[in-house]
Amino acid sequence: MPWGEFKDTAAERRLFQRRTVVMLVFVMLVIGGLIARMYQLQVVEHDVYTTLSDKNRVQVQSVPPPRGLVYDRSNTLLAENRPVFSVTLVPERVDGTDDTLAQLGTILDISEEDLERFRRRLQEPRRPFQEIPLRYDLNEQEMARLAVHRHELPGVEVRAELVRYYPHSELTAHALGFVGRINRDELQRIDPVNYAGTNYIGKSGIERFYEELLHGQVGYQHVETNARGRTLRVLERENPVPGEDIQLHLDLRLQQRAHELLDGRRGAIVAIEPGTGGILALASVPGFDANKFVTGISVKDYRELSESRDKPLFNRALRGQYPPGSTLKPMLAVAALDSGAVTRDYTIWDPGYFRLKAGGRLWRDWKRGGHGWVDLKDAVAESCDVYFYEAAVEMGVDTMYSYLSRFGFGEDAALDVSGALSGLLPSRDWKRAVRNETWYPGDSVNFGIGQGFMLATPLQLATATALIANRGKWVEPRLLKDIKGDHPVDEYLPDETHEPLKLKNPDDWEYVVETMVEVMHGRKGTARGAARGAPYKMAGKTGTAQVFSLAEDEEYDAEEIRERLRDHALFVGFAPVDNPKIAVAVIVENGGSGSGTAAPVARALFDAWLLDYAEQSEGALVSGVEGQVSN
């Protein structure tokens, strides 16, 4: 047999051994790789994969803070939060939005308006996995039906949330404002972290001005969910910080009384506490139900409000700009005395009209036959137009503008009243810029009785009246009285900026106050009827503002003029005279006579505050009032 045909056992053994070693090394390398990978997954990247795993069952949810409550000065609740149950959808978890909406439509009563609002919000920028509400205020039967079908509706939840509620909405809507759903523009400017989970934000009034204070700080919770995203349990929770509760100077009793006095008429009342600048009442009538705006007002309800001839949405107290008429005369009297245009003894003859030059245009007095000989006190008490025509021409527009601007006209002088307008304080520069015309002496004549270009809001008139009550001391109007927490009021209330109005002769303040007392208590005072029988002294001034102009020789006949074209009735005043507790401005649109319509309203308000709602110990204020009368 040839040599090569013999079997080499030793060689085969060596080959087998080499192969065994190679396989053993390969297996060891594979096992080592598996161990290394296991170590990487279980030890090195443990936290990463734990987090990824938890994301399948643990969700981080934001917990919106309860909004701060709002109280009046007597701690009566004006704005609270109440639980409301709503059905919401998370689009990222819904299996077909249209199909889900259709199925929900067979379970709940969902209007076309609800669907339209939902689809609009679906298109707006929002946070991922943010719930979008479909229907609000579910009742027990609707919640029960949803619970039965819950397993068929992934991404659909019934949520309980605290929603703003105004128990005295009709009375406080214009003073407090209201909250509403966060819109697209607001979403761009708010802090996305602190507003996570929050659906509402202050839209107007106090709710908007003190939004930062009322909102609070958001909280968070880790919840365990099932495969359909339903919450099984809360694993960890960081509670939100509720918004601060605030107290206002507003007095609900006086606010209600103001609404009662204007009931059935259009108008506004602003009452200020002269010592603090606190706004005691801010009434605009008619009002509206602010609760309708919180979760979204229906098209029908909004159209009814916006198209009403009485304009209930219009805040007359802050945004109504009216000719102040004769209510401007006490302020002009201060200007005339201090500028030297007139003196206390300066007397004129009033024949019932005024002419700038012989043969020129007639500016008529409200009293057809005139007032005869009058000085400044008579002119204010009897509201003599001719006296103020002459005084205005003597002062000129520059002097009147200078003094009236220091009374707060032509600006929003309030500290925390959101949305107030500035009125119109005319000047040479204003007329040149707006009308491209020079200022004529006739413009000053109209200016002298609060007519012509001059416009003022009820808030401005009340502010100027409070300045007279304070004898020149400025205290800017404000609503915030106290913060029921650790924050001081000064931290959120803007700084005061007005300097006291100092006169060359400080006694002129008392003299002007005396002229206003004559209006109320004098033998010829235009509002003596309204002050009759009062156990305290009050100071005031009536006014009548024309809604349209009369020709030079045209007679005014209210009975022949449609109600909405009649004059506005105005009144400003304060009481008691020596220690003022309340200053008011009243306007009754198309009310006619200031003395016959607005002054009795103010008298009733004075009585309510000084006699019925006195916050001091019983008898203290009344005794002080009686002391005035005895003097």
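Residues numbered from 1 in each chain as written. Predicted model: local features only at pLDDT ≥ 70, side-chain atom pairs only at ≥ 80, totals over all residues. Heavy atoms only, no water.

On a plain count of helices and strands, the protein comes out with 24 helices and 20 strands. Burial analysis of the protein (631 residues in total) assigns 50% to the buried set. Sequence separation of 24 or more characterises 73% of the internal contacts of the protein that already satisfy a separation of 6 or more. As displayed, the protein has an accessible area near 30600 Å², and 50% of this comes from carbon and sulfur atoms. (Helix = DSSP H or I, 4+ residues; strand = E, 2+ residues; numbered from the N terminus. Buried < 20%, exposed > 50% of the residue type's maximum accessible area, 1.4 Å probe, protein only. Contact = heavy atoms within 4.5 Å. Areas by Shrake-Rupley, 256 points an atom, 1.4 Å probe, with all protein chains shown as cover.)

Attention now moves to the sheet that holds strand β11 (residues 267-272). The five strands lie next to each other as β12-β11-β20-β19-β18, forming an open sheet whose pairing is antiparallel. With partners counted over all chains shown, the strands left at the sheet margins are β12 (279-285) and β18 (539-545), one partner each. With direction set aside, neighbouring strand axes in the sheet form an average angle of 5°. As paired elements, β11 and β12 share six bridges and run antiparallel to each other. (Pairing = 2+ DSSP bridges. Axes fitted to C-alpha atoms, helices over the stretch in contact; angles between N-to-C directions.)

The next point concerns the packing of helix α14 (residues 329-339) against helix α21 (residues 507-521). For the pair α14 and α21, interaxial distance at closest approach is 10 Å and the crossing angle is 145°. As for how α14 packs across α21, the hand of that crossing is right-handed. Facing α14, whose interface residues are P330, A333, V334 and L337, α21 presents D508, W509, Y511, V512 and M516. Here the residues of the contact of α14 with α21 sort into eight nonpolar, no polar and one charged. (Left-handed = near helix turned anticlockwise from the far one by under 90°. Nonpolar A, V, L, I, M, F, W, Y, C, P; charged D, E, K, R; others polar.)

On to a positive patch on the surface. Among the surface-exposed residues, K367, R523, K524, R528 and R532 lie close enough to one another that they form a single positively charged patch. As for its placement among the helices and strands, K367 is situated in the loop between β15 (362-364) and β16 (372-374). (Patch = residues over 30% accessible without salt bridge, like charges linked within 9 Å, V, L, I, M, F, W, Y side chains within 5 Å. Salt bridge = Lys/Arg side-chain N within 4 Å of Asp/Glu carboxyl O. Lys, Arg positive; Asp, Glu negative; His and termini not counted. Charge placed at Lys NZ, Arg CZ, Asp CG, Glu CD.)

Time to look at unusual backbone geometry. Cis geometry is adopted by the peptide bond preceding P286, which originates at V285 and carries an omega value of 5°. Structurally, P286 is set in the loop between β12 and α11 (291-294). With an omega of -15°, the peptide bond running from A575 to P576 counts as cis. Along the polypeptide, P576 turns up in the loop between β19 (568-575) and β20 (582-588).

In this section: the packing of aromatic side chains. By the definition in use, this model includes 13 aromatic pairs. Note on Y346 and Y387: the rings are 6.0 Å apart at their centroids and 65° apart in plane angle, and the pair reads as edge-to-face. Note that Y346 is positioned in the loop between α14 and β13 (348-350) and Y387 in helix α16 (residues 385-406), a separation of 41 residues in sequence. The buried category is assigned to Y387, whose relative accessible area is 1%. Ring centres 5.9 Å apart and planes at 65° place the aromatic pair Y387 and F388 in the edge-to-face group. Just as Y387 is buried, F388 falls in that class too. Feature note: the residues F178, F288, F293 and Y302 constitute an aromatic cluster, connected by ring pairs. Sitting above the plane of the Y403 ring, R406 keeps its charged end 4.6 Å from the centroid. (Phe/Tyr/Trp six-rings, centres within 6.5 Å; stacked < 30°, edge-to-face > 60°. Lys NZ or Arg CZ within 6 Å of the ring centre and 35° of its normal.)

What follows concerns the environment of V584. Counting through the fold element by element, V584 comes out in strand β20. By relative accessible area, V584 is classed as buried at 0%. In the structure, V584 is positioned 18 residues away from A602 in sequence and 7.0 Å away in space, judged by C-alpha atoms.

Take the side chain of N81 next. By secondary structure assignment, the location of N81 is in strand β3 (residues 77-89). A distance of 2.7 Å separates a polar atom in the side chain of N81 from the backbone oxygen of R67. A polar contact is formed between the side chain of N81 and the side chain of R164, at a distance of 3.1 Å. Setting aside chain neighbours within four positions, we find N81 in contact with P66, R67, L69, L162, V163 and R164. (Polar contact = N/O pair within 3.5 Å; in protein donor to acceptor, adjacent residues only side chain to side chain.)

Chain-level statistics for the protein give a pLDDT mean of 86 and a share of 88% at 70 or above. Predicted confidence in the protein is weakest over helix α24 (residues 620-630), with a mean pLDDT of 43, and strongest over helix α19 (residues 458-469), with 97. Scored below 50 in pLDDT, residues 549-554 makes eight contacts in the model with residues more than four places away or belonging to other chains. (pLDDT = per-residue confidence, 0-100.)

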